Amino acid sequence: GIQVEQSPPDLILQEGANSTLRCNFSDSVNNLQWFHQNPWGQLINLFYIPSGTKQNGRLSATTVATERYSLLYISSSQTTDSGVYFCAVARDDKIIFGKGTRLHILP
Amino acid sequence: DTEVTQTPKHLVMGMTNKKSLKCEQHMGHRAMYWYKQKAKKPPELMFVYSYEKLSINESVPSRFSPECPNSSLLNLHLHALQPEDSALYLCASSLRDSTYEQYFGPGTRLTVT
């Protein structure tokens, strides 16, 4: 099956810093999403991005499907950005999540 | 409205109990999903329903029994669970299949004693 690898696994930053999270996948996919999981467990949709580039406020994402990776950029981090960031890919109706990047923003 | 609701929020059950988890969406989505998430792990797909029919069962033990009574509702019936089944159970839906954006409910935190 498809392998999904996220890096880095953990990231500690000062408030105001920028960060780049990476998601590599081992085969072609039909879908790719980025989620933020808050401390209560809710998965919040950030981007639905099977290919191309999207921006939403301080966050942006780029997926290069032909090279099998996606990047999530967070600029001017705030403490509320803390949590776990997951990428999830879909192929043949199966959805596989990466292990996530745990982000901690210090005030 | 992009809301998926799940009830109950928390559930504690003994190993001999029978209980059910409920998931509902009113977005007209025709694909619905159950996931299991253990602490500090990613969500793992359990079941996929497509147009009210079970399309994927990821080798889940039979003590978990899914049901999709209509296009808006998804249940997960639980029977004779083990303590290792304690986890966050997440429901999701998408418009037609997994190529579309998935929306998740807030989850049910299950503890098996």
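This text goes with the structure placed above it.
It should be emphasised that the depicted structure is a prediction, and the values quoted were computed from it without experimental measurement. (Residues numbered from 1 in each chain as written. Chains lettered and ligands numbered in written order. Predicted model: local features only at pLDDT ≥ 70, side-chain atom pairs only at ≥ 80, totals over all residues. Heavy atoms only, no water.)

**A closer look at the sheet that holds strand S1 (residues 4-7) of chain B**
Residues and elements named next belong to chain B.
Turning to step 1, where the next piece is worked out: Taken in spatial order, the four strands make up an open sheet running S1-S3-S8-S7, and their pairing is antiparallel. Each edge of the open sheet carries a strand with a single partner, namely S1 and strand S7 (64-70). For this sheet, the mean angle separating the axes of adjacent strands, direction not counted, is 20 degrees.
Turning to step 2, where the next piece is worked out: Sheet analysis places S1 next to strand S3 (residues 18-25), joined by four bridges and oriented antiparallel. When the sheet's bridge partners are listed, valine 4 is paired in S3 with glutamine 25. (Pairing = 2+ DSSP bridges. Helix = DSSP H or I, 4+ residues; strand = E, 2+ residues; numbered from the N terminus. Axes fitted to C-alpha atoms, helices over the stretch in contact; angles between N-to-C directions.)

**Thoughts on the environment of A:Arg68**
Residue and element names in this part refer to chain A.
Turning to step 1, where the next piece is worked out: By secondary structure assignment, the location of arginine 68 is in the loop between strand S7 (59-64) and strand S8 (69-74).
Turning to step 2, where the next piece is worked out: For the pair arginine 68 and glutamine 37, spaced 31 residues apart in sequence, the C-alpha separation works out to 23 Å.
Turning to step 3, where the next piece is worked out: Ignoring sequence-local partners within four residues, the contact set of arginine 68 consists of Cys23, Asn24, Phe25, Ser26, Asp27 and Ser28. (Contact = heavy atoms within 4.5 Å.)

**Re the pattern of salt bridges**
Turning to step 1, where the next piece is worked out: If you walk through the whole model with that rule in mind, you get eight salt bridges over all chains.
Turning to step 2, where the next piece is worked out: The shortest N-O distance in the salt bridge between A:Asp92 and A:Arg91 comes to 3.8 Å.
Turning to step 3, where the next piece is worked out: Residue class for A:Arg91 comes out partly exposed when judged on its relative accessible area of 29%.
Turning to step 4, where the next piece is worked out: Across the pair B:Asp85 and B:Lys36 runs a salt bridge, and its minimum N-O distance is 3.9 Å. Taken together, the residues B:Asp85 in the loop between strand S8 (73-79) and strand S9 (87-94) and B:Lys36 in strand S4 (residues 31-37) connect sequence positions 49 residues apart.
Turning to step 5, where the next piece is worked out: Shared partners join several salt bridges into a network, and the residues in it are A:Asp27, A:Arg91 and A:Asp92. (Salt bridge = Lys/Arg side-chain N within 4 Å of Asp/Glu carboxyl O. Buried < 20%, exposed > 50% of the residue type's maximum accessible area, 1.4 Å probe, protein only.)

**Notes on the interface of chain A and chain B**
It is common to give the size of an interface as the accessible area that goes away when the parts come together.
Turning to step 1, where the next piece is worked out: Contacts between the two partners involve 21 residues from chain A and, on the opposite side, 25 residues from chain B.
Turning to step 2, where the next piece is worked out: At the boundary of chain A with chain B, total buried surface from both sides reaches about 1,800 Å², with 52% on carbon and sulfur atoms.
Turning to step 3, where the next piece is worked out: Of all residues in chain A, the largest losses of buried area upon contact with chain B belong to A:Asp93, A:Ile95 and A:Phe97, amounting jointly to 31% of the total for that side.
Turning to step 4, where the next piece is worked out: Where chain A packs against chain B, one counts one salt bridge.
Turning to step 5, where the next piece is worked out: Of the charged contacts in the structure, one is a salt bridge between A:Lys94 and B:Glu58, with a shortest N-O distance of 3.3 Å.
Turning to step 6, where the next piece is worked out: For the pair chain A and chain B, the interface holds ten residue pairs in polar contact (both at pLDDT 80 or more).
Turning to step 7, where the next piece is worked out: Counting only elements with at least two residues in the side of chain A that touches chain B, the list comes to strand S4 (31-37), strand S5 (43-48), strand S9 (83-91) and strand S10 (94-97) of chain A. (Buried area = accessible area lost by both parts, 1.4 Å probe. Polar contact = N/O pair within 3.5 Å; in protein donor to acceptor, adjacent residues only side chain to side chain.)

Shape is all these values report; function is a separate question.
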